[in-house]
Amino acid sequence: MKSYKYEIFTSVIEGLITNGIYQRGDKLPSVREIGQKYGISISTVQQGYEYLVIKGMVKSISKSGYYVNEQQDASTVPPSLPPVRDAVFKHNLHLTTSLRNTGKRLTEFNVAAPGDLFIPQKLLLRTMQQVIREQGAGLLRYYPPNGSAKLRSSIAKRAGRYHTTFNPDELLITDGALQALFIALSSVCQPGDIIAVENPCIFSALEVIRVLKLKVIEIPLIPGKEPDFNSLWNTFAKVNVRAILVTPNFQNPTGLLFSDEQKKKLLSIALHFDIPLIENDIYGDLNFSKLRPSTIKSFDESGLVMTYSSYSKTLAPGIRLGWLSAGKFFEKAEQIKFALGSSVSPVFQETISKLLDSESYDRHLRSFKLQLAKNARHTVDLLSKYFPEGTQVLMPEGGINLWIEMPAHTDMNRFYKESEMTGIRFTPGSTFSFSTTYNQFFRLVFADKLSDRKEDSLKQAGKIAQYSVLPFP
């Protein structure tokens, strides 16, 4: 296993804590003291202390320093390892896609994409027409396999706004986010390898994992609570995990947003065990307030982080254009991308490039995010008013969906069946995991105009939910 400079002092401190020289609650030497004593940089000392914090042996107190964790005895008891699962998943594609062409009148809350009335149709069509007039027959030729140099430069320039550095020459333009994920996983994994995935996890990612014949260990994510980094540390120390897949910004389906500190902790673990970290940033631009959240990539100097995204959630699902920053795995990723076929549609590449180089994309984003935030607040209000007492839902800080937990004694099969019979569709929580952990949950997407009909459908679903709650045994 790779060694790190900070181990020169962390191993000493671990021994002093284990042997009782440092007692619970004792203050540890300052960062400056450690640096001077061992001749290492301040950043290396901070990395080492962060490593001890993740292990649960040390805690950090703002503006005070580092201390031996009072819960040392309990926190160092190794938690049980999560099971390694084969990626054999029942076919649930119909639960996450639109059935609008069936002729049946439907109200769909299950499709994770902007609705027709939220898609900037005029902007997209006008820009495409300009591109066709300007480029003409040039759009009918092959483009570079890695994508337009101008587009890659525009993506890199935009990422700089949220302190993320991409080398344009090491970006790959892909046929959507799923192809980017396929390439990233294929670059670092072989069939039978184990990867760590967030739990719950978006269904489409689970399908890619299944196709690649990988095994998974699930990382539990609970909105409002910090991920269990202690459990992660213990798992990675004992299981040969070949990649970590995570969506730190407005995760689908939970809406969870990692803080910068949580992102740094996860990166620190990945660096210690030398595990490639694949970051899905597809929802990063959809923050409701404050600044656009950072990426894990923005804290990485090793090249171990691969970040990918697309424009299907911010513009339109039919714009099949994504990108991948493959870090130090670029050469392998480039080979895989070439083997998958020719480059992405030149019309799409030139259209996105023109939008990013103007203010049009940002104007659209500002309007879209205001609509999403309004929809989210109003939907939460409707759920609180019409769904059974005990229904749990948190207001997200961004993204396009709500993660809803129904009361424990709700007959979820009845709820889904009767909702479907009335033309109302949600995505069951079981769709997002290989386990049965989320059977009492469902996902609701609010990325479409919340019309009177949609409001009435939520009220009707609330009535169905009310009489789907079984009496206590």
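Quick notes on the rules
- The residue numbering used here restarts from 1 in each chain and proceeds along that chain's sequence as written.
- At least 70 in pLDDT is required for a residue's local features to be given in this predicted model, at least 80 for side-chain atom pairs to be given and counted, and no such filter applies to totals for whole chains, interfaces and linings, which use all residues.
- Remark: hydrogens and water are excluded; side-chain values derive from all non-hydrogen atoms of the structure.
- Working definition: with a 1.4 Å probe on protein chains only, accessible area under 20% of the residue-type maximum means buried, over 50% means exposed, and in between means partly exposed.
- Here a strand is any run of E in DSSP of at least two residues, a helix any run of H or I of at least four, and the numbering for each starts at the N terminus.
- Two strands are counted as paired when DSSP detects at least two bridges linking them.
- Residue-level confidence of the predictor is summarised by pLDDT, bounded by 0 at the bottom and 100 at the top.
- We call two residues contacting when some pair of their heavy atoms lies within 4.5 Å.
- Helix span is expected to be 1.5 Å times the residue number reduced by one.
- To be clear, the arc concerns the directions from the helix axis to the C-beta atoms.
- To get an axis, a line is fitted to the C-alpha atoms, and for a helix only the part in contact is used. The angle between two axes follows their N-to-C directions and goes from 0 to 180 degrees.
- Just so you know how the angles are binned, under 35 degrees is roughly parallel, over 145 roughly antiparallel, 65 to 115 roughly perpendicular, and the rest oblique.
- Left-handed describes a crossing whose near helix is turned anticlockwise from the far helix by less than a right angle; the clockwise case is right-handed.
- Classification used: nonpolar for Ala, Val, Leu, Ile, Met, Phe, Trp, Tyr, Cys and Pro, charged for Asp, Glu, Lys and Arg, polar for all others including Gly.
- Think of a nonpolar core as a cluster: buried Ala, Val, Leu, Ile, Met, Phe, Trp, Tyr and Cys residues, connected wherever their side-chain atoms sit within 4.5 Å.
- Salt bridge, as used here: a side-chain nitrogen of Lys or Arg that lies within 4 Å of a carboxyl oxygen of Asp or Glu.

## Points about the pairing of strand E5 (residues 171–174)
- Here E5 shows no split at all, with Leu 171 and Ile 173 on one side and Leu 172 and Thr 174 on the other all buried.
- Here E5 runs beside strand E11 (residues 322–325); their pairing, made up of four bridges, is antiparallel. Looking at the pairing, Ile 173 lines up with Trp 323 of E11.

## A look at the confidence of the model for the chain
- Overall, the prediction assigns the chain a mean pLDDT of 89, with 92% of residues at 70 or greater.
- Segment residues 74–78 is flagged for pLDDT under 50; beyond a separation of four residues in sequence, or across chains, it makes seven contacts in the model.

## A word on helix H1 (residues 7–18)
- Helix length check: H1 (12 residues) gives 16 Å between terminal C-alpha atoms against 16 Å at 1.5 Å per residue, within 8%.
- Taken together, the buried positions of H1 are occupied by Phe 9, Thr 10, Ile 13, Glu 14 and Ile 17. Considered in projection along H1, the buried side chains sweep an arc of 140 degrees and stay on one side of the axis.
- One or two residues past the end of H1 sits Gly 20, with phi positive at roughly 80 degrees.

## Some points on the packing of helix H7 (residues 177–188) against helix H11 (residues 330–339)
- Orientation of H7 relative to H11, taken along the N-to-C sense of each, is 130 degrees, at an axis distance of 9 Å. Taken together, H7 and H11 sit at an angle that is classed as oblique. Here H7 runs over H11; the crossing is right-handed. Between H7 and H11, the residues in contact are Gln 179, Ile 183, Ser 186 and Ser 187 and Lys 332, Ala 333, Ile 336 and Lys 337, respectively.
- In the contact of H7 with H11, the residues fall into three nonpolar, three polar and two charged.

## Quick notes on the environment of Met 412
- With respect to the helices and strands, Met 412 occurs in helix H14 (residues 412–421).
- Between the alpha carbons of Met 412 and Ser 30 there is a distance of 54 Å; along the sequence they are 382 residues apart.
- Discounting residues that sit within four places of it in the chain, Met 412 has contacts with Met 406, Asn 439, Gln 440, Phe 441 and Phe 442.

## Points about the environment of Leu 117
- Assignment of secondary structure puts Leu 117 in the loop between strand E4 (107–108) and helix H5 (121–135).
- Residue Leu 117 is classed as exposed on the basis of its relative accessible area, which comes to 63%.
- Sequence spacing of Leu 117 and Ala 316 is 199 residues, and the spatial spacing of their C-alpha atoms is 11 Å.
- Discounting chain neighbours no more than four positions away, the residues touching Leu 117 are Asp 448 and Lys 449.

## As for the nonpolar core
- Core analysis: the largest hydrophobic core is formed by 140 residues, its most contacted members being Tyr 49, Leu 185, Leu 324, Phe 415, Phe 442 and Leu 444.
- Sequence-distant contacts of Leu 185, defined by excluding residues within four places in its chain, comprise Ile 195, Val 208, Ile 209, Leu 212, Leu 214 and Ile 278.

## So, the pattern of salt bridges
- Under the counting rule described, the total for this entry stands at 15 salt bridges.
- Here Lys 354 and Glu 134 are joined by a salt bridge, their closest N and O atoms 3.2 Å apart. Highlighted residues: Lys 354 in helix H12 (residues 346–357) and Glu 134 in helix H5, separated in sequence by 220 residues.
- Judged by relative accessible area, Glu 134 falls into the exposed class, the value being 52%.

## Overview of unusual backbone geometry
- Of note, the bond from Asn 199 into Pro 200 is cis; its omega dihedral lies within 30 degrees of zero at 10 degrees.
- Following the sequence through the fold, Pro 200 ends up in the loop between strand E6 (194–199) and helix H8 (203–211).
- Pro 253 follows Asn 252 through a cis peptide bond whose omega is 20 degrees.
- For Pro 253, the location among the structural elements is in the loop between strand E8 (241–246) and helix H10 (260–273).
- The phi torsion at Lys 213 lies on the positive side, around 60 degrees, for a residue other than glycine.

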